[in-house]
Amino acid sequence: MRAFAAIAGLMLLAACGQVADLKPVAQQSLPPTPYGAKAQPDAESLLGVDTQAAPKRSVELRERSEERDDDPFDLPPQ
């Protein structure tokens, strides 16, 4: 019974990782053209993430340790 559960779990885990590109379903159209857009966006541009949704990180490296400022919201638990 445990072996069956382990195999079933591994099969479910393997099934959740798709590596193929996403494509629209056959005989289905893309969403309507957005208001004010000059052209209908294709599937690749609809799947892309814009800068505001995933901003780039700014990495600030600390050269030496610094004392933290007082945080008025850092309250002890009640």
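Residues numbered from 1 in each chain as written. Predicted model: local features only at pLDDT ≥ 70, side-chain atom pairs only at ≥ 80, totals over all residues. Heavy atoms only, no water.

(A) Just the overall build of the chain, in detail. From N to C terminus, the chain includes 2 helices and 0 strands. Relative to the globule expectation of 12 Å for 78 residues, the C-alpha radius of gyration of the chain, 25 Å, shows a markedly less compact shape. Here the C-alpha coordinates of the chain stretch approximately 60 × 60 × 35 Å along the principal axes. Each of the 78 residues in the chain was classed as buried or not, and the buried ones make up 0%. As displayed, the chain offers around 8,800 Å² of accessible surface, 57% of which is attributable to carbon and sulfur atoms. On the chain, the mean spot of the 8 positive side-chain charges and the mean spot of the 12 negative ones are 8 Å from each other. (Helix = DSSP H or I, 4+ residues; strand = E, 2+ residues; numbered from the N terminus. Rg over C-alpha atoms; globule rule 2.2 N^0.38 Å. Buried < 20%, exposed > 50% of the residue type's maximum accessible area, 1.4 Å probe, protein only. Areas by Shrake-Rupley, 256 points an atom, 1.4 Å probe, with all protein chains shown as cover. Lys, Arg positive; Asp, Glu negative; His and termini not counted. Charge placed at Lys NZ, Arg CZ, Asp CG, Glu CD.)

(B) Geometry of the environment of L13. Relative to the helices and strands, L13 is located in helix α1 (residues 2-15). The spatial distance from the C-alpha of L13 to the C-alpha of A54 is 27 Å, given a sequence separation of 41 residues.

(C) How the structure looks around the environment of A20. With respect to the helices and strands, A20 occurs in the loop between α1 and α2 (43-47). Here A20 falls in the partly exposed class, since its relative accessible area comes to 49%. The sequence separation of A20 and A8 amounts to 12 residues, and the corresponding C-alpha distance is 23 Å.

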